[in-house]
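Residue-level structure breakdown
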Amino acid sequence: MSVLVRMKTRGLLRDTTHLSIGQGFRLIIQAAYFVLIARSLGPDAYGAFVTVVAMAALLGPFSGLGTANLFIKNVRSGKRVASICWGNGILLTVLSGTLLSCLGVGLSALLHLKTVPLVVTIVCVADLVLLKVTELAAFGFAAMDQMKQTSIQSVVVSLLRLGGIITLIVTVHRVTLDLWVLTYLLTTLLGTLYALTKGGQLWGHPVVDWRALGEDAAEGVFFSVAGSATTVYNDIDKIMLSRVADLAATGVYGAAYRVIDVTMTPVRSLAAAAYPHFFRQGVDGMARTYPYALSLIAKTAIYGVVASAGLWLTAPILPYILGNQYQAVVSAVRWLALIPLLRCIHSFMADALSGAGLQPLRTGIQVLVALINIGLNAVILPRYSWRGAAWTSLGCDGLLVVLFWSTAFRYRHQQY
């Protein structure tokens, strides 16, 4: 047994190392990309871009209907061969992503978002169709223990986008939102072509199994709803803020949130490496996934404390990097600084529920918190603008810690 434990530990360490190296490169690339985008567009145009990206993120989990998550689950359990997961995933992603892109354009008009329809269309196609095929491939690489290729895939996409904005800055006098989103579409397409090439080399031609397609779509809905709930309490505030405040306020808050998101890169690496292992541990239910989650939280909580403190202390440097137009980012980052620590806790407890076969329960908790987030934002944002958005984000992440941990604890002890 001790030999088996050591093998699993080495496997997790290897996977985490591969992902951390990739995410480390991606962190540097994304930081440069973020700074260049924010500076070249300015708060108003950046706020418009952030708003559309946030809306696409809300719809994104329904693109593919959870087939990316099921790629890992079905391959690891031996239920499906990879070529079927690949083929069914591509088909569902393209079909659902196209429909969701149309829905996104319609919603932008219905909500009177301050962004032109062409920008909305381009971003939706890039994020809901092309990028989702790329993510499907990345999950497939993880399912096959190809974490190194997963890392390379993520770096390729980030590097292409960085190259795109650098090219614009060098070749045009002024970077406009229209020029940027066209470049965004092209670089995303190149990343998707890379994913299709690598996926084809590993799994061969995509295979569509219509019976399996129906089963996966039905099961994947729970993963989609859970993912959508996550993006609601992460991104709905940006959309709502763009309606009740000016785009500059949205740009400031979006920039601050991006800084927080960047600091979570190492934790996301560990979470991505550990995610398949939760399903292996989950054969014995919460009795195995709960202590496994605790061991991961112990590894990341120290980082969460350091990251939160570092964000608070270094926030005044940001206007020198992003430009004087982003002075308010200092206060926004400080309000959000505790979020990395909270996410170091609830991310792993949520995966413990999924691994133990309690995905519907996890989904229910996330939907509840998403609804609370919407309700709070509706009341607070009109009066307190981006500060209210920061307060609700902080409160909802804290609520997730309480709900996920208490639920996991209860189900774990029910099995004894």
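Scope of this entry: the structure provided in the associated data block.

Analysis parameters
Residues numbered from 1 in each chain as written. Predicted model: local features only at pLDDT ≥ 70, side-chain atom pairs only at ≥ 80, totals over all residues. Heavy atoms only, no water. Helix = DSSP H or I, 4+ residues; strand = E, 2+ residues; numbered from the N terminus. Buried < 20%, exposed > 50% of the residue type's maximum accessible area, 1.4 Å probe, protein only. Polar contact = N/O pair within 3.5 Å; in protein donor to acceptor, adjacent residues only side chain to side chain. Contact = heavy atoms within 4.5 Å. Phe/Tyr/Trp six-rings, centres within 6.5 Å; stacked < 30°, edge-to-face > 60°. Salt bridge = Lys/Arg side-chain N within 4 Å of Asp/Glu carboxyl O. Core = buried A, V, L, I, M, F, W, Y, C linked by side-chain atoms within 4.5 Å. 1 Å grid on protein atoms, 1.4 Å probe; cavity = no way out; pocket = protein on both sides within 12 Å on 5 of 7 lines; lining within 4 Å. Points joined across faces, edges and corners; volume = space filled by probe spheres on them. Nonpolar A, V, L, I, M, F, W, Y, C, P; charged D, E, K, R; others polar.

Relative to the helices and strands, Thr 192 is located in helix 6 (residues 177–203). With relative accessibility at 5%, the residue Thr 192 sits in the buried group. Looking at Thr 192, its side chain comes within polar contact range of the main-chain oxygen of Leu 130, at 2.8 Å. Those residues in contact with Thr 192 that lie beyond four places of it in its chain are Leu 130, Leu 131, Val 133 and Thr 134.

A separate point is unusual backbone geometry. One non-glycine residue, Leu 65, lies in positive phi territory at about 50°. Topologically, Leu 65 is positioned in the loop between helix 1 (2–59) and helix 2 (67–77). Within the chain, Ser 385 stands out as a residue other than glycine whose phi angle is a positive 55°. Relative to the helices and strands, Ser 385 is located in helix 14 (residues 359–414).

A full pass over the atoms with the stated rule returns 13 aromatic pairs. Both rings, one in Phe 71 and one in Trp 203, keep their centres 5.1 Å apart while their planes meet at 45°; by these two values the pair is tilted. You can see Phe 71 sitting in helix 2 and its partner Trp 203 sitting in helix 6, a full 132 residues away along the chain. The class of Phe 71 is buried, set by a relative accessible area of 0%. With a centroid separation of 5.0 Å and 55° between ring planes, the pair formed by Tyr 384 and Trp 391 is classed as tilted. Residue classification places Trp 391 among the partly exposed positions, given a relative accessible area of 30%.

Another point: the pattern of salt bridges. In this structure the tally under the stated criterion is seven salt bridges. The closest approach of N and O atoms between Arg 80 and Glu 215, which form a salt bridge, is 2.9 Å. Taken together, the residues Arg 80 in the loop between helix 2 and helix 3 (82–110) and Glu 215 in helix 7 (residues 210–244) connect sequence positions 135 residues apart. Look at Arg 80 and you get buried, because its relative accessible area is 9%. For Asp 351, the salt bridge identified is with Arg 362, shortest N-O distance 2.9 Å. Of this pair, Asp 351 sits in helix 13 (residues 339–355) while Arg 362 sits in helix 14, and the two are 11 residues apart along the sequence. Accessibility assignment for this pair places Asp 351 and Arg 362 in one class, buried.

Counting residues in each nonpolar core, the largest one holds 67 residues, and the members touching the most others are Trp 180, Val 329 and Val 333. Tallying contributions element by element places helix 1 first for this core, with 18 residues. Residues Val 267, Ala 271, Leu 353 and Cys 396 belong to the second largest nonpolar core, which totals 29 residues.

Attention now goes to the layout of surface pockets. The calculated volume of the second largest pocket comes to roughly 280 Å³. Looking at the second largest pocket, it is lined by 14 residues, and the ones nearest its centre are Phe 34, Val 259, Val 262, Leu 318 and Ile 321. Sort the elements by how many residues they give to the lining of the second largest pocket and helix 1 lands first, with four residues. Split into classes, the residues belonging to the lining of the second largest pocket amount to 12 nonpolar, two polar and no charged.

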